[in-house]
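Listed below, chain by chain, are the residues.
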Amino acid sequence: MSDSDFGPPKGTFGDGEEPGAARRAAPMPPSRSPLVTALVVAGALLLVVATLATFWTEVLWYQSVDFSGVFATQLVTKVVLGLIGGLFTAAVVWSSIHVAFRNRPIYAPSPDTQAMEHYRQLVEPMRRTATIAAPLAIGLFAGLSAATQWDTFLLWRNGTTFGTTDPEFGLDIGFFVFDLPWINFLVSFLTMVLVLGFIAAAFTHYLYGGIVAGQRTRSTQAARVHLSVIAAALVLVRAVAFWVDRYNLANAQSTRMTGIQYTEAHAVIPTKGILAIAALMCAVMFVSTIWTRSWRLPLVGVAVLAVVVVAVGGIYPALVQSLKVRPSEKSLELPYIERNIAATRAAYGFDDVKVEPYDTLTTASQGQLRDDAATIPGIRLIDPNVVSPTFKQLEASKGYYQFADVLDVDRYNLDGNLTDTVIAVRELDLTGVPDGQRNWLNDHTVYTHGYGVVAAKGNTREDDGRPTFFESQIGTTGVLGEYEPRIYFGESSPEYSIVGAGKKEFDYLSDGNVQVTNSYAGKGGVELDALRRIAYAFKYREINFLLSDAVTNDSRLLDHRTPRERVERVAPWLTLDGNAYPVVVDGRVQWVLDGYTTTDMYPYSEMATLDAATSDSVTRTRDSVQAIRSGQINYVRNSVKATVDAYDGTVTLYQWDEEDPILAAWMKIFPDAVTPLSEIKGSLMEHLRYPEDLFKIQRQLLTKYHETDAGSFYGGQTFWRVPLDPTRGANAEQSLLQPPYYLSLAMPGQEEPAFSLTSTFMPVGDRNLLTGFLAADGDAGSEDGKKKPGYGQLRLLEPTNTTVKGPGQVYNDMRSSQVSSTDSGFGTLAQFISTTALQGAEVTFGNQLTLPVGGGVLYVQPIYVQASGAGAYPRLSAVAVAFGEKIAWAGSLDDALNDLFGGSSGAAAGDQGTDTPVTPDGTPTGTPTGTPTGAPTASPTTSAPAPTGTPDADALRQALADADAAFRDGEEALRNGDFAAYGEAQERLEEALARAAAAAPEAP
């Protein structure tokens, strides 16, 4: 068949036209300007060079961190999958077009065929180009889609067994985790390719007359055979999809649970098999058109298949659900709920949680904490979520240093004792550099790094409310000893810096305002030469790489500098914890990140949404701690501990879970990427801890899956919820969960305290009561290459007393408490808060710690005060405690506990030296101006009165009492929705505060 079968014969023209005339009449294409051509060529060359430069800098970066194998494996796998997927798709589409065109018919002119003649003439000039370009374009997009499945393919090739079989099909869990995702992709990809091929074939046949849509649609034998073969292949792939969907039901989600339920097991799974057989028969009917020369059988097959899909695949399961399951749902679903409970607890790693009833006392008596004397000193009073401004004001030194808005909690050996510590890195803040000094040279070659760490004891404060620092001032050697203080790789490092080559880089200002400088001597980053400088000039679009004399062939370029980014790039198969924390180990500052292996294909395990499960009041209100990126999982393991050296950027991935099959598969894929657990030094092991985001996911699941009885689980009456953070205010309470807290704690049954991560539970509904206390043992020990026995053990206490107050109720009781402090001149806690607000200061309640001690539940609430004005920072002013119905508060935890437990708690917290609440300016409230802190005071009593002895003092006391009463009346009115009463209370509050302001200046 030649190209002349359609349209006028070659070389013929209309009446009265001559060939030469036609050529003269044809418009000449406009001539293109040489300048335009040169610009287009130059632009294309620049684009190619920039792309190659970016690619080369990526190669250089991976070489600099010794993870070239990760980059190469990813790249090769993506390219191979992309080429195979793209070429296969292009071949199918091209063959559909080519076969349809080669077998186009020749019709005598008729009204039916003449209608398409005009379109064929329009297409013909570009047909050859389109026949190649269109399949290649479609193949490109298909190849890009296939390349994104590089991790699915590699896991399929290298997957191992879990050693556990699913209860429905008897298949190893590894089939669902490693094999099924790749099978699902192949089925969906083939479906897409065959649909595209069918569309291309049908369009080409229609365009060139193989299919004619007239009064009666007809087709040629060639078109019928061609389309039937493609359709048969498509239906055959759908038959495979029906069969594979049986296995996908193991992860099907319903309102109650994830996994197969009674209807799926007894109706949906059998019907999926029937549908697969029906699809096979339909495929045979399509093939039969080769001999029957009719569409009748395929059309009948498609109709029957559609009926079977609707009737067998939809109606029948619905009837089983409504007529059999719903009337007897509990008895029929119990076996499947048991599967879901067992799978969920195993997949999230809390199948061995130790659940113990806790006989809680609600009355406090003298000496009640005697048996918990080892736990009380580990109560952390310094709140890492509050004291960042304190660290910045006292330890930043200059404006170009900063600290994270949420500090980190660790433990260090101080005087032979492991002490809970609040620690932070002094990082560079370019926004603090004076505007006159901001230029490319300073930003990228002078101000290149932060300097040093700052650490404070977690359980004490200074007399004026400042933290007790044991590692602080720049240029001094503290308890941590000598270490490399320069922070070239941190959470706030600049995008890139050019260092080394003997160039002076700013360290800090000495006491005499003398600049101390240093030249980078580490091995981090990429060594520059002339060619590499050109590559980075293209990458960062910065000509100074080539012009500045500060950039030489001996310089090194540091980029991709945040710990999270570096670990993500070398281990893209890990899900990373939302918080990296610094540790000082063996003379270096190391960032530690927890890495998780996850999947959403563990059969029967409940799905969890990552960002929702790991979100709380800290992740929602702070920048340095983030919720894990969005996505759903139903299996997680803390499989890797990653470290990033803050000086040279070295990334090390340590194997942490030696039994995780997913990590085992990735270690086969990247054999040199992960370092064995046995190579972790004991000095680093001391600072490894139970990961926070894993704990958040587990506690979210435990709100339901603490219940192991299927019958009770079905009813849902015993479900819990994670408490809202009461310290975030009334509006924020509606959506911000209380974060978990690190502290050293001895749970009932533990012989000695362990560094633990803790959280509480409350019942579903409006009741603010405590129903559970969860603690994870986070002490990894100090032995080389070996975790301490008991690390990771989850312990869940369930109070037997149903009247234990929850966090929100205790917080509200404290704020309105009429209990006086034994050492405060302010009287009650409510009056202390009111008076502080009167002075223009802000009162902040810190982390509310919950501890199962003394046979009951002890709440500890540090209280911070921050004055108004520039340079002010939060000071730990007082500590409030609660046990049962009783509340006490004082300037120290020791005094507060002694007040709470009848004069002697039986244990020492270790902060007796700071026994007086402080005012916003740091002056102890119980010490008159000019009297040294710690001077003898009156003997403690159960209720210390407000200052008396003058009319002004009595007036101040009465005004504060009236203000406190008006404030509480206003809150009560708001809760009741009585806005008139609220307005009246606000007027009384304003009047009382005015009287207090008038009396305050004259009061002693």
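Being a predicted model, the structure only gives us computed values, none of them experimental. (Residues numbered from 1 in each chain as written. Predicted model: local features only at pLDDT ≥ 70, side-chain atom pairs only at ≥ 80, totals over all residues. Heavy atoms only, no water.)

1. Quick look at helix α6 (residues 150–158)
In step 1: Inspection of α6 places Trp150, Thr152, Phe153, Leu154, Leu155 and Asn158 among the buried residues, and these make up the whole buried set.
In step 2: Buried positions along α6 lie against α3 (68–102), α5 (127–147), α7 (173–207) and α20 (661–669). (Buried < 20%, exposed > 50% of the residue type's maximum accessible area, 1.4 Å probe, protein only. Helix = DSSP H or I, 4+ residues; strand = E, 2+ residues; numbered from the N terminus. Contact = heavy atoms within 4.5 Å.)

2. Regarding the packing of aromatic side chains
In step 1: On inspection of all chains with the given rule, the structure shows 47 aromatic pairs.
In step 2: Aromatic side chains Tyr400 and Tyr447 sit 5.8 Å apart centroid to centroid with 45° between the ring planes, which places their arrangement in the tilted category. Remark: Tyr447 occurs in the loop between α14 (440–446) and β8 (450–451) and Tyr400 occurs in the loop between α13 (388–395) and β4 (401–402); sequence separation between them is 47 residues.
In step 3: A connected cluster of aromatic rings, assembled from ring pairs, spans Phe153, Trp156, Trp182, Phe185 and Phe189.
In step 4: One residue, Arg246, lies across the ring of Tyr247, its end atom 5.3 Å from the ring centre.
In step 5: It is Lys787 that lies over the ring of Trp656; its NZ or CZ is 4.7 Å from the centre. (Phe/Tyr/Trp six-rings, centres within 6.5 Å; stacked < 30°, edge-to-face > 60°. Lys NZ or Arg CZ within 6 Å of the ring centre and 35° of its normal.)

3. A look at the nonpolar core
In step 1: Phe67, Tyr348, Trp573, Leu653 and Leu688 are the most contacted members of the largest nonpolar core, which has 129 residues in total.
In step 2: Of all the elements, α7 adds the most residues to this core, at 10 residues.
In step 3: Core analysis: the second largest hydrophobic core is formed by 73 residues, Val454, Leu745, Leu770 and Ile833 among them. (Core = buried A, V, L, I, M, F, W, Y, C linked by side-chain atoms within 4.5 Å.)

4. Side note on the sheet that holds strand β10 (residues 467–471)
In step 1: One open sheet accounts for four strands, arranged β5-β6-β9-β10; its pairing is antiparallel. Every other strand in the sheet has two partners, leaving β5 (408–414) and β10 as the edge strands with one partner each. When strand polarity is set aside, the average angle formed by the axes of neighbouring strands in this sheet is 45°.
In step 2: By the bridge criterion, seven bridges tie β5 to strand β6 (residues 417–425) in an arrangement that is antiparallel. Paired with Asn413 across the strands is Leu418, a residue of β6.
In step 3: Seen against the sheet, α13 touches β6, β9 (453–461) and β10 and runs at an angle of roughly 60° to β10. (Pairing = 2+ DSSP bridges. Axes fitted to C-alpha atoms, helices over the stretch in contact; angles between N-to-C directions.)

5. Examining empty space enclosed by the protein
In step 1: A full pass over the atoms with the stated rule returns four cavities of 30 Å³ or more.
In step 2: Of the voids in this model, the largest cavity is the one considered here, and its volume is about 190 Å³.
In step 3: Lining the largest cavity are 17 residues, and of these Pro384, Asn385, Val406, Leu407 and Glu692 lie nearest its centre.
In step 4: Of all the secondary structure elements, the ones that give two or more residues to the lining of the largest cavity are β5, α22 (692–705) and β26 (741–745).
In step 5: Residues that form the lining of the largest cavity fall into these classes: 10 nonpolar, two polar and five charged. (1 Å grid on protein atoms, 1.4 Å probe; cavity = no way out; pocket = protein on both sides within 12 Å on 5 of 7 lines; lining within 4 Å. Points joined across faces, edges and corners; volume = space filled by probe spheres on them. Nonpolar A, V, L, I, M, F, W, Y, C, P; charged D, E, K, R; others polar.)

6. Digging into the pattern of salt bridges
In step 1: Considering all chains together, one arrives at 31 salt bridges under this definition.
In step 2: The closest approach of N and O atoms between Glu606 and Lys704, which form a salt bridge, is 3.7 Å. Of the two residues, Glu606 sits in the loop between β19 (588–599) and β20 (608–609) while Lys704 sits in helix α22, which places them 98 residues apart along the sequence.
In step 3: Glu991 is paired through a salt bridge with Arg995; the nearest N and O atoms lie 2.5 Å apart. Here Glu991 and its partner Arg995 are both found in helix α29 (residues 979–999), four residues apart, which amounts to about one turn of the helix.
In step 4: Classification of Glu991 by relative accessible area gives partly exposed; the value is 41%. (Salt bridge = Lys/Arg side-chain N within 4 Å of Asp/Glu carboxyl O.)

7. Remarks on the sheet that holds strand β12 (residues 496–500)
In step 1: Reading across the sheet, the three strands line up as β12-β16-β15 and stay open at both edges, with antiparallel pairing between neighbours. Because the sheet does not close on itself, it has two edges, and the strands there are β12 and β15 (526–527).
In step 2: The pairing of β12 with strand β16 (residues 555–559) spans five bridges and is antiparallel. Note on β16: the bridge partner recorded for Val499 is Arg556.

8. Focus on the layout of surface pockets
In step 1: When its volume is computed, the second largest pocket comes out at roughly 820 Å³.
In step 2: What lines the second largest pocket is a set of 30 residues, and nearest its centre among them are Gly349, Arg637, Asp657, Glu659 and Lys787.
In step 3: Secondary-structure elements contributing two or more residues to the lining of the second largest pocket are α12 (329–347), β22 (635–645) and α22.
In step 4: It is β22 that contributes the most residues to the lining of the second largest pocket, four residues altogether.

9. Looking at the pairing of strand β13 (residues 505–509)
In step 1: Among the five residues that make up β13, four are buried, leaving the element largely enclosed by the rest of the structure.
In step 2: Inspection of the sheet shows β13 paired to strand β14 (residues 515–518) by four bridges, in the antiparallel sense. Residue pairing across strands places Tyr508 opposite Val516, the latter belonging to β14.
In step 3: Connecting the antiparallel pair β13 and β14 is a turn made up of five residues, with Asn513 showing a positive phi of about 60°.

10. Some thoughts on the environment of Ala303
In step 1: Mapped onto the fold, Ala303 is located in helix α11 (residues 296–325).
In step 2: Placed 21 residues apart in sequence, Ala303 and Cys282 show a C-alpha to C-alpha distance of 9.4 Å.

11. As for a nonpolar patch on the surface
In step 1: Residues Phe55, Leu75, Val79, Leu83 and Leu87 make up a contiguous nonpolar surface patch of roughly 440 Å² in combined accessible area.
In step 2: Ranked by the residues each element gives to the nonpolar patch, the list is headed by α3, at four residues.
In step 3: Its place among the elements puts Leu75 in helix α3. (Patch = residues over 30% accessible without salt bridge, like charges linked within 9 Å, V, L, I, M, F, W, Y side chains within 5 Å. Areas by Shrake-Rupley, 256 points an atom, 1.4 Å probe, with all protein chains shown as cover.)

12. Some remarks on the confidence of the model for the protein
In step 1: Across the protein, pLDDT averages 87, with 89% of residues at or above 70.
In step 2: Taken element by element, the protein is modelled with least confidence in helix α1 (residues 19–25), mean pLDDT 44, and with most confidence in strand β23 (residues 651–655), mean pLDDT 98.
In step 3: Per-residue pLDDT stays below 50 along residues 1–26; that stretch engages in 21 contacts with residues further than four places along the chain or on separate chains.
In step 4: The low-confidence segment residues 927–951, where pLDDT is below 50, has 23 contacts with residues more than four positions distant or belonging to other chains. (pLDDT = per-residue confidence, 0-100.)

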